[in-house]
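# Coordinate analysis (summary)
Next come the chains, spelled out residue by residue.
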Amino acid sequence: MAEPFHCDFSGRLFMGHLGNHMLNAADFHSTDRGFGMKYLMTIKRSWVLSRLAIEMNEMPEQYTKFNIETWVENAMRYFTQRNFAVVGEEGKVYGYGRSVWAMIDTDSRQPCDILSIKDGAINEWIEADKECPIDKGGRVKMSDKAEFVRTIDTHYNDVDINGHINSVKYIEHVLDLWNLDWYREHRIQRFEIAYVAEAHEGDKLSFYMEEEEQSTFNIRIVRTDGTECCRSKVKFV
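Structural notes, computed from the coordinates. (Residues numbered from 1 in each chain as written. Predicted model: local features only at pLDDT ≥ 70, side-chain atom pairs only at ≥ 80, totals over all residues. Heavy atoms only, no water.)

The computed volume of the largest pocket comes to approximately 860 Å³. Lining the largest pocket we find 36 residues, and of these Trp47, Val48, Leu49, Trp101 and Asn162 sit closest to its centre. At the level of elements, α1 (15-32), β1 (45-56), β3 (79-88), β4 (93-105) and α3 (167-175) are the ones that each hand at least two residues to the lining of the largest pocket. The leading source of residues in the lining of the largest pocket is α1, at six residues. For the lining of the largest pocket, the per-class residue count stands at 22 nonpolar, nine polar and five charged. Estimates place the volume of the second largest pocket at around 570 Å³. Taken together, 22 residues make up the lining of the second largest pocket; nearest its centre are Asp8, Phe14, Met15, Tyr183 and Ile188. (1 Å grid on protein atoms, 1.4 Å probe; cavity = no way out; pocket = protein on both sides within 12 Å on 5 of 7 lines; lining within 4 Å. Points joined across faces, edges and corners; volume = space filled by probe spheres on them. Helix = DSSP H or I, 4+ residues; strand = E, 2+ residues; numbered from the N terminus. Nonpolar A, V, L, I, M, F, W, Y, C, P; charged D, E, K, R; others polar.)

Below you can see the structure in the form of structure tokens.
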């Protein structure tokens, strides 16, 4: 349910909370099928989100009940693609999501072979023919003319179970780059983010932005040592 305290000033679900619902659905789905985080932690492995794209016709309003559907579109040695649908009562489709995941060794932080887990168990759950009608998205291109917007500190609440800055926290920090007046006139139609490097508690995150076309913005996030952590694209209507 779109709980009131998870909704913004307009009474609709925050994008960050929708992202959390999608990641929870992914965890429940993978855990029920034997390749979820609960099992992976026992063998020092973990899923990490590499890319996420969410495209919405509208956001659920407060108190609205909805379902997150999720399925695996394909799986390769180092990456797997997982899709989402946000579906309300009576079949109303609010929007879709696409994600790319990698598996890492929790000690070395290096990529691991996904297909080695339980003899490629993930392959049993691939639904290549199930439609996800939104664009997969591509690399977010940034020029040297991107404008510095702000630098923020990171704290306890930014850190997740993997010990680095939470995937959804980046989404929230990006969407804070626009003020309430902007959101009174615009809604988010599509949000993309690609994660490049980890940041940790205590790192400062600097945000650079440029407008690709009208109401479509590209954002680069750089941590304290100058390493780029992620890139994002936000399209408003």
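From this point, the narrative continues.
Turning next to the pairing of β1. Counting buried positions over the twelve residues of β1 gives nine, a clear majority of the element. Inspection of the sheet shows β1 paired to β4 by eleven bridges, in the antiparallel sense. Bridged to leucine 49 within β4 is tryptophan 101. Pairing between β1 and strand β6 (residues 188-195): five bridges, direction antiparallel. (Buried < 20%, exposed > 50% of the residue type's maximum accessible area, 1.4 Å probe, protein only. Pairing = 2+ DSSP bridges.)

For any pair of aromatic rings, geometry is given as the distance between the ring centres together with the angle between the planes. Under the criterion given, the structure shown has eight aromatic pairs. Where phenylalanine 217 meets phenylalanine 236, the ring centres are 6.2 Å apart and the plane angle is 75 degrees; that geometry is what we call edge-to-face. Taken as a pair, phenylalanine 217 in strand β8 (residues 216-222) and phenylalanine 236 in strand β9 (residues 228-236) lie far apart in primary sequence, 19 residues in all. A single burial state applies to phenylalanine 217 and to phenylalanine 236, both of which are buried. In this structure an aromatic cluster arises from ring pairing among Trp178, Trp182, Tyr183, Phe217 and Phe236. One residue, lysine 118, lies across the ring of tyrosine 39, its end atom 4.3 Å from the ring centre. Above the ring of phenylalanine 9, the side-chain terminus of arginine 184 is found at 5.6 Å from the ring centroid. (Phe/Tyr/Trp six-rings, centres within 6.5 Å; stacked < 30°, edge-to-face > 60°. Lys NZ or Arg CZ within 6 Å of the ring centre and 35° of its normal.)

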